[in-house]
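As a plain string of letters, each chain reads:
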Amino acid sequence: MEPLTTEEIVEKIRKIEEGVGRLSPMQKVLIGTDGSVTGLLEMATGHPVSITTLVQDVISADVGAADELGIEPGEEINYRIVELRDSVTGDVLIYAVSITPLRRLAPEFRHDLMRADIPIGRILRRHRIESRREITDAKIIRAGTDLARSFKVNRCEPMVSRRYRIIHQEEPLIVIEEIFPCTAFTDEIRVVVDAPSRIHITLIEMNGASGRVDGSVGVTLDEPGCVLDARKATGIDVRGGNDEARRRVADAARATREAFGLPGGAEIVLHSTARQHAGLGSGTQIALATAAAICRLYERDVSVADIARVVGRGGTSGIGTAAFEQGGFILDGGHRFGSPGGKQDFRPSSASKGIAPPPVLARHRFPEDWEILLVTPEVSTGAHGTAEVDIFRTHCPVPIEEVREVCHEVLMRMIPGVVEHDLDLFGSAINRTQHLGFKKVEVGLQHPVVPALLEGLVQAGAAGAGLSSFGPTVYAIGDSGMGEVARAAEEVLGEMGGSVTLTKARNCGANLRAG
């Protein structure tokens, strides 16, 4: 593996900036330095750096590690993961993973290396080992579980990774990967928003005879979600995601700036989002996350309800806005219907601009030991745009008898199932709801694979299975044996393909972090 030249390092930095926006001078130095990172960190923070060892083990080198170190596969190497911390604040500054061939180490060096709390740079100096550093890579990676835990960030947040070898006597002595968040080592305010997606179980009152309409019930999801970050800029500049996602971000940003009279714009990077038009509420989360980030940037204290009104969300279902604000299992009370200030006809949220989100009537923690399987077949996306509007107009009002039965299922079975931790009761309510009211309409408009999934997942052991919103995502609820349910989903999908994701509910709303 050849080391990167200065020009190649500069090009790596340029590519990183294309994905996450401009880097600070300190971030660029940390990527490109061939000296001691520990010393740089101590100069930057003004505090000593301490080491916390997370993993210290002797393992056999796999093919990749052997190639980097110039040894044979199977040779013993020291595998170490450490956190470099600010010793005063306790903040994690760098997460470092190193591999070292044991046969190239003097006994004293090996002893110090395998002790906790000694930075490698100090070990080299202590033993007066002449060496040089060769940078071999620099890129963006996602945090994942371990990095998210260390840096207290979302699993999807982007991290800067650089990889280098320490060369001694013309042989690789150590290979090190050092990782830090894109929000670290910069004086520029950067707001990161982690917003959850949701299952939309059903709309409740799509008859209107009660003088109210809509009403909905749903569950906030731990993943997939929307992660984006924003920093101040003159105009609106959006990166990441696909064309439609970038358009949604830009539209929400412009609407927010205009509505609240903000003095500037924002550079926004969209790092992840749930699949669009799949029934998981990605549009609502993108819009709310964008607006919340910009308001935080400009220190405007604005309620989620006001943000939702500005970006045109919550005009039918309130599950997405309530999931953003508080998470958990949510029941909303819908909107007034046919009276001044209320809705005058049946229409989806995307066509209900200016309508405030409905009141939340009940919010409960969803049982944390219940698992949720999401299955999204590779079929046409769920109804949206004019097609969705036409479906509301064509199929509403639904029979009042079915509305009443939906209310009974929600009030007397679904909610008690959550509160009393009764999975069978909750699951049976989900199953019955698929055959009632507007949910029956939504299911009836799906590709044949959707009813096949609903039946197959329950037969495989799920307590309940349903279609989320207009689909095509199907969800299943269970507490054990969900691996078997996932395998059943893959069998039903067959050659059609699709995604199968096991997740859980999220009992808190969006996380906003300024760094």
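Each remark here, short or long, concerns the structure printed above.
This one's a predicted model, so the numbers in the text were calculated from it and none came from an experiment.

**Focus: the sheet that holds strand 4 (residues 132-142)**
- As summarised here, the arrangement of the 6 strands in space is 1-2-3-6-5-4, forming an open sheet in which the pairing is antiparallel. What marks the edges here is a single partner per strand, and that holds for strand 1 (49-60) and strand 4. On average, each strand axis in the sheet is tilted by 15° relative to the strand beside it, whichever way the strands run.
- In this structure, strand 3 (residues 92-101) lies alongside strand 6 (residues 171-181), joined through 5 bridges in antiparallel fashion. The partner of Ile99 across the bridge, within strand 6, is Val175.

**Observations regarding unusual backbone geometry**
- That bond from Cys396 to Pro397 is cis: its omega, 5°, falls within 30 degrees of zero.
- Mapping Pro397 onto the fold places it in the loop between helix 12 (385-395) and helix 13 (400-419).
- Cis geometry marks the peptide bond from Gly471 to Pro472; its omega dihedral reads 10°.
- Looking at the secondary structure, you find Pro472 in the loop between strand 15 (464-467) and strand 16 (474-478).
- The phi angle at Lys152 is positive, at roughly 60°, despite the residue not being glycine.
- Tracing the sequence through the fold places Lys152 in the loop between helix 7 (144-151) and strand 5 (158-168).
- Judged by its relative accessible area of 66%, Lys152 falls in the exposed class.
- A positive phi angle, near 55°, is found at His277, a position not held by glycine.
- Structurally, the position occupied by His277 is in the loop between strand 10 (265-272) and helix 9 (282-297).

**Details of the packing of helix 13 against helix 14 (residues 423-433)**
- Relative orientation of the contacting elements helix 13 and helix 14 amounts to 155°, with a least axis distance of 7 Å. In terms of orientation, helix 13 and helix 14 fall into the roughly antiparallel class. Considering the relative orientation of helix 13 and helix 14, their crossing is left-handed. Contact residues: helix 13 offers Glu405, Glu409, Arg413, Met414, Pro416, Gly417 and Val418, while helix 14 offers Leu425, Phe426, Ser428, Ala429, Ile430, Arg432 and Thr433.
- For the contact of helix 13 with helix 14, the class distribution of residues is 7 nonpolar, 3 polar and 4 charged.

**What to know about the environment of Ile71**
- Position of Ile71 relative to the elements: it lies in the loop between helix 4 (63-69) and strand 2 (76-86).
- With relative accessibility at 8%, the residue Ile71 sits in the buried group.
- Separated by 10 residues in the primary sequence, Ile71 and Ala61 place their C-alpha atoms 8.4 Å from one another.
- If we skip the residues at most four places from it in the chain, Ile71 touches Ala61, Ala66, Ile77, Pro101, Arg103 and Arg104.

**Examining helix 12**
- Looking at helix 12, one finds that the buried residues are Glu388, Val389, Ile391 and Phe392. Within helix 12, the buried residues cover an arc of 155° as seen down the axis, which keeps them to one side. Of the exposed residues in helix 12, those oriented more than 90 degrees away from the buried face are Thr386, Arg393 and Thr394.
- On its buried face, helix 12 sits against strand 7 (190-205) and helix 15 (437-444).

**Looking at the pattern of salt bridges**
- The final tally for this structure, using the stated rule, is 38 salt bridges.
- Put simply, Lys12 and Asp137 hold a salt bridge, and the shortest N to O gap is 2.9 Å. Linking Lys12 in helix 1 (residues 6-20) with Asp137 in strand 4, this pair joins segments that are 125 residues apart in sequence.
- One connected set of salt bridges, linked through shared partners, spans Glu244, Arg247, Arg248, Asp251 and Arg254.

**Examining the environment of Arg133**
- With respect to the secondary-structure elements, Arg133 resides in strand 4.
- With a relative accessible area of 18%, Arg133 lands in the buried category.
- Separated by 377 residues in the primary sequence, Arg133 and Ala510 place their C-alpha atoms 41 Å from one another.
- Among the polar contacts listed, one links the side chain of Arg133 to the backbone oxygen of Gly35, at a separation of 3.5 Å.

**Here we look at the pairing of strand 8 (residues 212-233)**
- Here strand 8 lies mainly inside the structure; 16 of its 22 residues are buried.
- The pairing of strand 7 with strand 8 spans 13 bridges and is classified as antiparallel. Residue pairing in the sheet places Arg190 in a bridge with Arg231 of strand 8.
- In this structure, the hairpin formed by strand 7 and strand 8 is closed by a connection of 6 residues, where Gly208 is found at a positive phi of approximately 90°.

**Quick notes on the packing of helix 1 against helix 2 (residues 25-32)**
- Where helix 1 contacts helix 2, the axes come no closer than 10 Å and their chain directions differ by 135°. Classified by the angle between their axes, helix 1 and helix 2 sit oblique to one another. Considering only the axes of helix 1 and helix 2, their crossing is right-handed. Every residue of helix 2 that contacts helix 1 at Ile9, Ile13, Ile16 and Glu17 is listed here: Lys28, Ile31 and Gly32.
- Each residue belonging to the contact of helix 1 with helix 2 can be placed in one class, and the counts come to 4 nonpolar, 1 polar and 2 charged.

**So, the sheet that holds strand 15**
- A sheet is described by the order of its strands in space; here 4 strands give the open sequence 15-16-14-17, paired in antiparallel fashion. Of all the strands in the sheet, just strand 15 and strand 17 (498-504) have a single pairing partner and so form its edges. Neighbour-to-neighbour, the strand axes of the sheet open up by a mean angle of 20°, direction not taken into account.
- As paired elements, strand 15 and strand 16 share 4 bridges and run antiparallel to each other. Across the sheet, the residue bridging to Ala465 is Ala476, located in strand 16.
- Against the sheet, helix 14 makes contact with strand 15 and strand 16, and its axis sits at roughly 35° relative to strand 15, the strand it touches most.

Calculation criteria
Residues numbered from 1 in each chain as written. Predicted model: local features only at pLDDT ≥ 70, side-chain atom pairs only at ≥ 80, totals over all residues. Heavy atoms only, no water. Pairing = 2+ DSSP bridges. Helix = DSSP H or I, 4+ residues; strand = E, 2+ residues; numbered from the N terminus. Axes fitted to C-alpha atoms, helices over the stretch in contact; angles between N-to-C directions. Buried < 20%, exposed > 50% of the residue type's maximum accessible area, 1.4 Å probe, protein only. Parallel < 35°, antiparallel > 145°, perpendicular 65-115°, else oblique. Left-handed = near helix turned anticlockwise from the far one by under 90°. Contact = heavy atoms within 4.5 Å. Nonpolar A, V, L, I, M, F, W, Y, C, P; charged D, E, K, R; others polar. Arc of directions from axis to C-beta. Salt bridge = Lys/Arg side-chain N within 4 Å of Asp/Glu carboxyl O. Polar contact = N/O pair within 3.5 Å; in protein donor to acceptor, adjacent residues only side chain to side chain.

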